[in-house]
Amino acid sequence: MKAALLVESLTGNTTRAAERIADGLTQEGWSITGLSRVRRPDLASIQQADVVLVGSWTHGLFVVGQAPWAAAEIANLPTMRGKRIAGFLTYALDAGKSLDRLSNALGSTGAEVIGGLLIKRSRIEEHSDVFVERLLGAVETV
Ligand SMILES: Cc1cc2nc3c(=O)[nH]c(=O)nc-3n(C[C@H](O)[C@H](O)[C@H](O)COP(=O)(O)O)c2cc1C
């Protein structure tokens, strides 16, 4: 399988998660077509990919108003009909409904949403590995 990664990261946590996910998938025999920003997506890498993985971070007031950073840009990614898509969201304490918001935004790209996971910033390695495992499972069952 081929995966493209699109990431928004302010302080590096989401990039770390993306790199761990890319490593995990590579070890499973996947190839990574590219890693670029949601706001400046590498369109060629998306075109070549079977699965697009979108990572962002949680922005809010910690107890209310949480949303994925760059949610509007995620929803406005190029149409990806025929591709599969999954999202991951790093957070510190409480991500509220931001994962649902991310999934909704991903769905509006026209791609088939096959997964989404919250990654706590204090447990990036562990949760990124769970994301990889679930993704492998989701792709197998499609
Ligand atoms: C302005 C701002 C608002 C944030 N709001 C929340 C929040 O509402 N809930 C939460 O769990 N984490 C919140 N965080 C923490 C980030 O989501 C978390 O540190 C994330 O891993 C940052 O990812 P990055 O290092 O890729 O930028 C906030 C961080 C910032 C800078």
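Please refer to the structure higher up on the page.
Residues numbered from 1 in each chain as written. Predicted model: local features only at pLDDT ≥ 70, side-chain atom pairs only at ≥ 80, totals over all residues. Heavy atoms only, no water.

Undergrad: Help me understand the pattern of salt bridges in this model?
TA: One side chain can pair with another of opposite charge once the charged atoms of both are near each other. One pass over the structure, following the stated rule, counts 5 salt bridges. Of the charged contacts, one joins Arg37 and Glu8 as a salt bridge, the two residues approaching to 2.7 Å between their closest N and O atoms. Of the two residues, Arg37 is situated in strand β2 (residues 31-37) and Glu8 in the loop between β1 (2-7) and α1 (13-27); the sequence distance between them amounts to 29 residues. Accessibility expressed as a relative area gives 41% for Arg37, which makes it partly exposed. Note on Glu8: relative accessible area 2%, which makes it buried. Across the salt bridge formed by Arg39 and Glu73, the nearest N and O atoms sit 3.1 Å from each other. Of this pair, Arg39 sits in the loop between β2 and α2 (43-48) while Glu73 sits in helix α3 (residues 71-75), and the two are 34 residues apart along the sequence. Judged by relative accessible area, Arg39 falls into the partly exposed class, the value being 38%. (Salt bridge = Lys/Arg side-chain N within 4 Å of Asp/Glu carboxyl O. Helix = DSSP H or I, 4+ residues; strand = E, 2+ residues; numbered from the N terminus. Buried < 20%, exposed > 50% of the residue type's maximum accessible area, 1.4 Å probe, protein only.)

Undergrad: Would you explain the pairing of strand β5 (residues 84-91) in this entry?
TA: One face of the sheet, then the other: side chains in a regular strand alternate in exactly this way. Summarising burial for β5: 7 of the 8 residues are buried, a large majority. Alignment of strand β3 (residues 51-59) against β5, held across 7 bridges, turns out to be parallel. Looking across to β5, one finds that Val54 is bridged to Gly87. The pairing of β5 with strand β6 (residues 112-120) spans 8 bridges and is parallel. (Pairing = 2+ DSSP bridges.)

Undergrad: Got a minute to help me understand the site of the ligand in this structure?
TA: Lining the immediate surroundings of the ligand are 19 residues, of which Ser9, Leu10, Thr11, Thr14 and Thr58 lie closest. Note that a nitrogen atom of the ligand is positioned 3.0 Å from one of the backbone N or O atoms of Gly60. One of the backbone N or O atoms of Ala92 is found 3.1 Å from an oxygen atom in the ligand. In isolation the ligand offers 650 Å² of accessible surface; the protein chains occlude 86% of this area. Those elements that place two or more of their residues in the shell around the ligand are α1, β3 and β5. For the shell around the ligand, the element with the highest residue contribution is β3, accounting for 3 residues. (Near = heavy atom within 4 Å. Polar contact = N/O pair within 3.5 Å; in protein donor to acceptor, adjacent residues only side chain to side chain. Areas by Shrake-Rupley, 256 points an atom, 1.4 Å probe, with all protein chains shown as cover.)

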